[in-house]
Amino acid sequence: MLGAYLSRAGEEVIFCDVAEEHVNKINSDGLTIEGLEETFTVKAEAFTPEQLIERRQPLSTVFLCVKAHHTEKALTPLLPL
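The rules we used
Residues numbered from 1 in each chain as written. Predicted model: local features only at pLDDT ≥ 70, side-chain atom pairs only at ≥ 80, totals over all residues. Heavy atoms only, no water. Helix = DSSP H or I, 4+ residues; strand = E, 2+ residues; numbered from the N terminus. Buried < 20%, exposed > 50% of the residue type's maximum accessible area, 1.4 Å probe, protein only. Contact = heavy atoms within 4.5 Å. Salt bridge = Lys/Arg side-chain N within 4 Å of Asp/Glu carboxyl O. Phe/Tyr/Trp six-rings, centres within 6.5 Å; stacked < 30°, edge-to-face > 60°. Lys NZ or Arg CZ within 6 Å of the ring centre and 35° of its normal.

Visitor: Which parts of the structure should I look at to understand the side chain of Thr48?
Guide: Here Thr48 is to be found in the loop between strand S4 (45-47) and helix H3 (49-55). The buried category is assigned to Thr48, whose relative accessible area is 7%. With residues near it in sequence (within four places) discarded, Thr48 still touches Cys16, Asp17, Glu20 and Val23.

And the structure:
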């Protein structure tokens, strides 16, 4: 949700997910947030970790949104960026 709100506010946001089907859905249809008070969709760019690493584009800020026990596994591939 954080990324969608930042994107809607005009910030450049790149999403990363290990689930390729989620990445493809975000790239084709945008990211939809459904809440009690509002529903909205933002156009977004998404990558798998492997695709993101292949881009070799440095990341200035990373919000890692995973369960605590997945932190190391999720963050390790992104360290070079």
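Visitor: What should I look at first to understand the pattern of salt bridges in this one?
Guide: Pairing between side chains of opposite charge can happen when the charged atoms of each approach one another. Counted by the stated rule, this structure contains two salt bridges. Here Glu38 ties to Arg8 by a salt bridge, and the two come within 2.9 Å at their closest N and O atoms. Residue Glu38 is located in the loop between strand S2 (31-34) and strand S3 (39-42), and its partner Arg8 is located in helix H1 (residues 2-8); the two are separated by 30 residues in the primary sequence. Arg8 sits in the partly exposed class, given a relative accessible area of 41%.

Visitor: Whenever I open this one, the environment of Gly35 confuses me. Can you help?
Guide: Along the polypeptide, Gly35 turns up in the loop between S2 and S3. Its relative accessible area of 40% is what places Gly35 among the partly exposed residues. With 28 residues separating them in the primary sequence, Gly35 and Ser7 have C-alpha atoms 17 Å apart.

Visitor: How should I be thinking about the packing of aromatic side chains in this particular structure?
Guide: The relation between two aromatic rings is expressed through the spacing of the ring centres and the mutual angle of the planes. For the structure shown, the criterion picks out one aromatic pair. Taken together, a centroid distance of 5.0 Å and an interplanar angle of 70° make the contact between Tyr5 and Phe40 edge-to-face. Here the residue Tyr5 occupies a position in helix H1, and Phe40 occupies one in strand S3, the gap between them amounting to 35 residues. Judged by its relative accessible area of 9%, Phe40 falls in the buried class. It is Arg8 that lies over the ring of Phe40; its NZ or CZ is 4.1 Å from the centre.

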